[in-house]
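Take a look at the letters that make up each chain.
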Amino acid sequence: MTKLIGKDLDDALATTSGWTLIEDGKRLSKAFRFADFPAAFAFMTRVAMAAERMNHHPDWSNSYDRVLISLTSHDAGGLTSRDVDLANRIDRIAGDHSTSSRN
Ligand SMILES: C[C@H](O)[C@H](O)[C@H]1CNC2=NC(N)=NC(=O)C2=N1
């Protein structure tokens, strides 16, 4: 899988919503907030199953009703289409859990 840089990275990011580039464009990051811990953990459970199906996994942390997610392709040392696909999949799942998401 080739690393996304420059215009290819910009074009791919244009398909995502609310994700922030960090670490010199090597990682995408987004913070989510849910109604409570059970809602946050239900979201994480669904994302975990999607990640396992895609064989592409997030780096994330959870504090009560908040989940902080960052995505990178460890084997490519930067961002690939897998990260963009997973970001969009995560947003669809979050939408099902009526969250207020922000960077
Ligand atoms: C062995 C397994 O296929 C690899 O470790 C996969 C698993 N999930 C992964 N997830 C992410 N984010 N980056 C990877 O390089 C990666 N590699």
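All values derive from a computational prediction rather than experimental measurement. (Residues numbered from 1 in each chain as written. Predicted model: local features only at pLDDT ≥ 70, side-chain atom pairs only at ≥ 80, totals over all residues. Heavy atoms only, no water.)

Inspection of the entire model under this criterion finds 5 aromatic pairs. An angle of 40 degrees between the planes, with centres 5.3 Å apart, marks the rings of Phe-32 and Phe-43 as tilted. Within this pair, whereas Phe-32 is found in strand E2 (residues 27–33), its partner Phe-43 is found in helix H2 (residues 37–54), the two being separated by 11 residues in sequence. As far as the burial class goes, Phe-32 and Phe-43 line up, both buried. The interplanar angle of 35 degrees and the centroid separation of 4.6 Å between the aromatic rings of Phe-34 and Phe-43 together place this pair among those described as tilted. For the pair formed by Phe-34 and Phe-43, the shared burial category is buried. Pairwise contacts between aromatic rings join Trp-19, Phe-32, Phe-34 and Phe-43 into one cluster. (Phe/Tyr/Trp six-rings, centres within 6.5 Å; stacked < 30°, edge-to-face > 60°. Helix = DSSP H or I, 4+ residues; strand = E, 2+ residues; numbered from the N terminus. Buried < 20%, exposed > 50% of the residue type's maximum accessible area, 1.4 Å probe, protein only.)

Further remarks concern H2. Its 18 residues place the ends of H2 25 Å apart at the C-alpha level, agreeing with the 26 Å of an ideal helix rising 1.5 Å per residue. Burial in H2 covers these residues: Ala-39, Ala-40, Phe-43, Met-44, Val-47, Ala-50 and Ala-51. One face of H2 carries all of its buried residues, which in axial projection span an arc of 135 degrees. Turned more than 90 degrees away from the buried face of H2 sit Pro-38, Glu-52 and Arg-53, all of them exposed. On its buried side, H2 packs onto E2, strand E3 (59–63), strand E4 (66–71) and helix H3 (81–96). Asn-55 lies just past H2 and shows a positive phi near 50 degrees. (Expected span 1.5 Å × (residues − 1). Arc of directions from axis to C-beta. Contact = heavy atoms within 4.5 Å.)

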